[in-house]
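Geometric and topological summary
Here are the chains, one letter per residue:
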Amino acid sequence: MELSEPDQGRLNLYSPLVCLVADTGMIAELSKPDQGHLIDFFRAMTKQDGEQLGKAILEMSERHTCK
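Since the model is a prediction, treat every value here as computed from it, not as a measurement.

Conventions used here
- Residues numbered from 1 in each chain as written.
- Predicted model: local features only at pLDDT ≥ 70, side-chain atom pairs only at ≥ 80, totals over all residues.
- Heavy atoms only, no water.
- Helix = DSSP H or I, 4+ residues; strand = E, 2+ residues; numbered from the N terminus.
- Buried < 20%, exposed > 50% of the residue type's maximum accessible area, 1.4 Å probe, protein only.
- Areas by Shrake-Rupley, 256 points an atom, 1.4 Å probe, with all protein chains shown as cover.
- Contact = heavy atoms within 4.5 Å.
- Expected span 1.5 Å × (residues − 1).
- Arc of directions from axis to C-beta.

Overview of the overall build of the protein
Scanning the protein from N- to C-terminus turns up 2 helices and 0 strands. When the 67 residues of the protein are sorted by exposure, 6% land in the buried category. Surface summary for the protein: the accessible area is close to 6600 Å², and the carbon and sulfur share equals 56%.

With respect to the environment of Cys 19
Position of Cys 19 among the secondary structure elements: in the segment before helix H1 (32-47). A relative accessible area of 43% places Cys 19 in the partly exposed class. Distance in space between the C-alpha atoms of Cys 19 and Phe 42 is 10.0 Å, their sequence separation being 23 residues. Once residues within four sequence positions are removed from consideration, Cys 19 is found in contact with Phe 42 and Met 45.

What about H1?
Relative to the 22 Å expected for 16 residues at 1.5 Å per residue, H1 spans 23 Å between its end C-alpha atoms, a close match to the ideal helical length. Taken together, the buried positions of H1 are occupied by His 37, Phe 41 and Ala 44. Angularly, the buried residues of H1 cover 75° about the axis, an arc narrow enough to put them on a single face. Exposed residues on H1 whose side chains face more than 90 degrees from its buried face are Lys 32, Thr 46 and Lys 47.

Structural measurements only, silent on function.
Given below as structure tokens:
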């Protein structure tokens, strides 16, 4: 998407949302807990629930220390 001069640097809240899903099925296999975390991630994303999305991302992180 190209932005015109006045729009550069501004977020267009009315543009369609885009989600990129990387299929790692040929190089990785998710454990049952990781499968659950990934489902939680996408569920939170579709509900636009930032708090739950953040929790899901932290659960997928190997070294998170946030509570």
